[in-house]
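Structural overview
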Amino acid sequence: MLRVVSWNINGIRSPLQGVVCQEPNNCAATTLGRLLDELDADIVCFQETKVTRDVLTEPLAIVEGYNSYFSFSRNRSGYSGVATFCKDSATPVAAEEGLSGLLATQNGDVGCYGSMDEFTQEELRALDSEGRALLTQHKIRTWGGQERTLTLINVYCPHADPGKPERLAFKMHFYRLLQMRAEALLAAGSHVIILGDLNTAHRPIDHWDAVNMECFEEDPGRKWMDGLLSVLGCQAGAHVGPFIDSYRCFQPKKEGAFTCWSAVSGARHLNYGSRLDYVLGDRALVIDTFQDSFLLPEVMGSDHCPVGAVLSVSSVPTKQCPPLCTRFLPEFAGTQLKILHFLVRLEQDAVFGQSALQLSNQTRVQTLQNKACARSTRPRPSQPGSSRGQKNLMSYFQPSSSRPQASPDLELPSLMGSLVTPVTTEEEAAAKVVEVQAKASEAKYEKEVRTLCWKSVLGGPSPMPLCWGHGEPCVIRTVKKPGPNLGRCFYMCARPRGPPTDPSSRCNFFLWRRPS
């Protein structure tokens, strides 16, 4: 049996906290290895890894018993990215990054690209620049003893932001390129499995709130999936696509089978989500070899849950991993790099070098002229008798003649003695007590004033209002959508989002917060 699992991990370094590690150090290698062991699959495909090559560490890249393959985003750090981990017993014969073939190294690649004339080179580079596709090709053996080729396409399809129409066009181009590559592999005689986050809920049964969504069936992504997929047992004359949704093949009418929930609204608690993750197999492969297709909603650590399938075939491993394997990267291969590896040669023609030299000489001459001019115009110190000359430090210190001198004939002791009345010891003690009490009272008053002042400034948060549906304290949220209310705060029900018919879900309470 061959078991494959796909999971949008939402950052390969973050969901590891969802796995309980018994070791006190809880190192990344041990935790990721434990995660792979719990998924218990021969091939594990991760999406949205959010790592680039410069931040990929060896514990995340190399796990004992597995060989891994990564595709990184080349535009942004901490964005997108996919990775495939294969057990040593399921080592692929070829691996390739991207769908267009522009990232292929011609050594250990999958090949079979088909005709991509409808795309320009710039469009193909843009589609492959975000690290959204990774192909691994395996040798499998059926129960009848026949060896076949199986290609897994691990994809993280783009999300179409309603406020950015160019992203919808990008998403549809990516869909088109994915289908062209998959069909080219099928035409070459390979079985194909497309698995990952397709970022589209295909049918109304795959989305909780599809009834209230406008033009649900008219979405371009759903129309594309209609053309790609076929349904077993469909009526005569209906469209038959090259692929089958394996989960709906085994669970055609199961409701609430979701794989993605909003983490902000806590929708997973009430299973208020959608099914965006799929395992799609070509028709012959699904009909002949698929034994099961499943969801794993109990696995936490991401806003998605893993999905997978079981095939009645066995993997035929190869002795050598493809060159794309991360263990062959120079930073993990144990080979020392030369400093020249990090430098880039700048090729300049003679004319450019000569002009640069002339410019440098002109700049140097101009700098010397400016310095000489500055020396000639700098004011020089004047002679000792001049008023503009540098003064001595002692010139700023002069004896003062305005201070009245004490008269030598005035006898202060006798004068003070005739004016001051002698004070007794009891009076001195009473005066000290009164003075201490006055100071203490003054300090207490000043402390009270300061306390009242700070309380008026830092009065603390006002009590949360109670929602109308449950009479419970609300939570405060901030508007992040661009518009006139950007940055404003409001109160809403603290319960998780759920269906409107469920009384335990969030009510419709809403209240703007008054500006302080």
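This structure is a prediction, so every number in the text was calculated from the model and none was measured. For every chain, the first residue of the written sequence is number 1, and numbering continues from 1 along that sequence. Local features in this predicted model are restricted to residues of pLDDT 70 or higher, and side-chain atom pairs are both shown and tallied only at a pLDDT of 80 or more, whereas totals for entire chains, interfaces and linings draw on every residue. Side-chain measures were taken over the full set of non-hydrogen atoms in the model, leaving aside hydrogen atoms and water.

Per the secondary structure count, the protein includes 10 helices and 18 strands. The cut-offs for exposure are 20% and 50% of the maximum accessible area for each residue type, with area from a 1.4 Å probe on protein chains only; residues under the lower value are buried, those over the upper are exposed, and the others partly exposed. Among the 516 residues that make up the protein, the fraction classed as buried is 38%. Relative to all contacts within the protein whose residues are 6 or more apart in sequence, the contacts with residues 24 or more apart total 66%. For the protein, the accessible area works out to roughly 31500 Å², and carbon and sulfur atoms hold 55% of it. Strands are runs of DSSP state E lasting at least two residues, helices are runs of H or I lasting at least four, and both sets are numbered from the N terminus onward. The contact criterion used is simple: two residues touch if any of their non-hydrogen atoms lie within 4.5 Å. Per-residue accessibility takes into account occlusion by the displayed protein chains alone, with areas from the Shrake-Rupley method and a 1.4 Å probe.

UniProt positions are given in the numbering used here, feature names are shortened, and annotations may be inferred rather than shown by experiment. According to UniProt, the feature "active site" (unreviewed entry) maps to Tyr156, Asp197 and His304 in the numbering used here. These annotated residues cover 149 residues of sequence, and their C-alpha atoms lie no more than 12.5 Å from one another, placing them together at a single site. Of the residues named above, Tyr156, Asp197 and His304 line the largest pocket. Relative to the elements of secondary structure, Tyr156 occurs in strand β7 (residues 147-156). Polar contact criterion, stated in full: a pair of N or O atoms within 3.5 Å, where within protein one must be able to donate a hydrogen and the other to accept it, and residues adjacent in sequence count only if both atoms are side-chain atoms. Within the structure, Tyr156 has its side chain in polar contact with the side chain of Glu48 (distance 3.4 Å). Summarising the element assignment, His304 is placed in the loop between β13 (290-295) and β14 (307-311). A relative accessible area of 4% means that His304 is categorised as buried. If we ignore the near neighbours within four places in the chain, the residues touching His304 are Trp7, Asn8, Asp197, Thr259, Cys260, Trp261, Arg268, Leu276 and Asp277. The distinction between a cavity and a pocket rests on a 1 Å grid over the protein atoms alone: a 1.4 Å probe fits inside a cavity but cannot get out, while a pocket stays open yet meets protein on both sides within 12 Å along at least five of seven lines, and a residue with an atom within 4 Å of a point counts as lining.

What follows covers the layout of surface pockets. Grid points are joined across faces, edges and corners, and a volume is the space filled by probe spheres set on the points. Within this model, the largest pocket holds a volume of roughly 1400 Å³. Looking at the largest pocket, it is lined by 41 residues, and the ones nearest its centre are His159, Ala160, His207, Ser274 and Leu276. For the lining of the largest pocket, the secondary-structure elements that each account for two or more residues are α4 (165-187), β10 (260-261) and β11 (273-274). Broken down by element, the lining of the largest pocket gets its largest block of residues, three residues, from α4. Each residue gets one label: Ala, Val, Leu, Ile, Met, Phe, Trp, Tyr, Cys and Pro are nonpolar, Asp, Glu, Lys and Arg are charged, and the others, such as Gly, are polar. Looking at the lining of the largest pocket, its residues break down into 17 nonpolar, 11 polar and 13 charged. Residue lining of the second largest pocket: 21 residues in total, with Ser265, Met492, Arg497, Arg506 and Cys507 positioned closest to the centre. Those elements giving two or more residues to the lining of the second largest pocket turn out to be β16 (475-478) and β17 (489-492). Per-class residue counts for the lining of the second largest pocket are eight nonpolar, eight polar and five charged. Both domains that furnish three or more residues to the lining of the second largest pocket are identified here as domain 1 (2-334) and domain 2 (474-512). Segmentation of the chain into domains, including their bounds, is taken from an automatic or database domain assignment.

Take the UniProt feature "site: Transition state stabilizer" (unreviewed entry) in the protein next. In the numbering used here, UniProt assigns the feature "site: Transition state stabilizer" (unreviewed entry) to Asn199. Of the residues examined, Asn199 reaches a relative accessible area of 14% and is grouped as buried. At 2.8 Å, the side chain of Asn199 forms a polar contact with the backbone oxygen of Cys157.

In this section: unusual backbone geometry. Residues other than glycine seldom take positive phi values, yet Glu48 does so here, at roughly 55 degrees. Counting through the fold element by element, Glu48 comes out in the loop between β2 (43-47) and α2 (58-61).

Tracing the sequence through the fold places Ser274 in strand β11. For Ser274, a relative accessible area of 10% corresponds to the buried category. The contacts of Ser274, once residues within four sequence positions are left out, are Ala201, Asp206, His207, Phe258, Thr259 and Cys260.

What follows concerns the packing of helix α3 (residues 121-128) against α4. Where helices are involved, their axes are fitted lines through C-alpha atoms of the stretch in contact, as for all axes, and angles between N-to-C directions lie from 0 to 180°. For the pair α3 and α4, interaxial distance at closest approach is 10 Å and the crossing angle is 95 degrees. Accordingly, the angle class assigned to the pair α3 and α4 is roughly perpendicular. Where α3 approaches α4, its residues Glu123, Leu124, Ala126 and Leu127 are matched on the opposing element by Phe170, His173, Phe174 and Leu177. Residues of the contact of α3 with α4, tallied by class, amount to six nonpolar, one polar and one charged. Angle categories: roughly parallel below 35 degrees, roughly antiparallel above 145, roughly perpendicular from 65 to 115, and oblique for all the rest.

Okay, the sheet that holds β16 next. The criterion for strand pairing is that DSSP finds at least two bridges linking the strands in question. Reading across the sheet, the three strands line up as β16-β17-β18 and stay open at both edges, with antiparallel pairing between neighbours. Either end of the sheet is taken by a strand with one partner, and the two such strands are β16 and β18 (510-512). The sheet shows a mean angle of 30 degrees between the axes of neighbouring strands, direction not considered.

Attention shifts here to the pairing of strand β6 (residues 133-141). Extensive coverage of β6 is indicated by the burial of seven of its nine residues. Between the end of β6 and the start of β7, which pair antiparallel, lie five residues, with Gly145 showing a positive phi angle near 90 degrees.

As enumerated under the stated definition, the model contains one cavity of 30 Å³ or more in all. Its volume calculated, the largest cavity comes out at about 40 Å³. Around the largest cavity sit Asp245, Ser246, Tyr247, Arg275, Asp277, Tyr278, Val279, Ser293, Phe294, Leu295, Val307 and Gly308, which together line it. Counting only elements with at least two residues in the lining of the largest cavity, the list comes to α6 (246-250), β12 (277-282), β13 and β14.

A separate point is a nonpolar patch on the surface. To count toward a patch, a residue needs a relative accessible area above 30% and no salt bridge. Like charges then connect within 9 Å, nonpolar side chains (Val, Leu, Ile, Met, Phe, Trp, Tyr) within 5 Å. Salt bridge, as used here, is a side-chain nitrogen of Lys or Arg placed within 4 Å of a carboxyl oxygen of Asp or Glu. A contiguous nonpolar patch, built from Leu393, Met394, Tyr396 and Phe397 and spanning about 550 Å² of accessible area, is present on the exposed surface. Structurally, the position occupied by Tyr396 is in the loop between α8 (350-377) and α9 (412-419). On the basis of relative accessible area, Tyr396 is assigned to the exposed category, the value being 60%.

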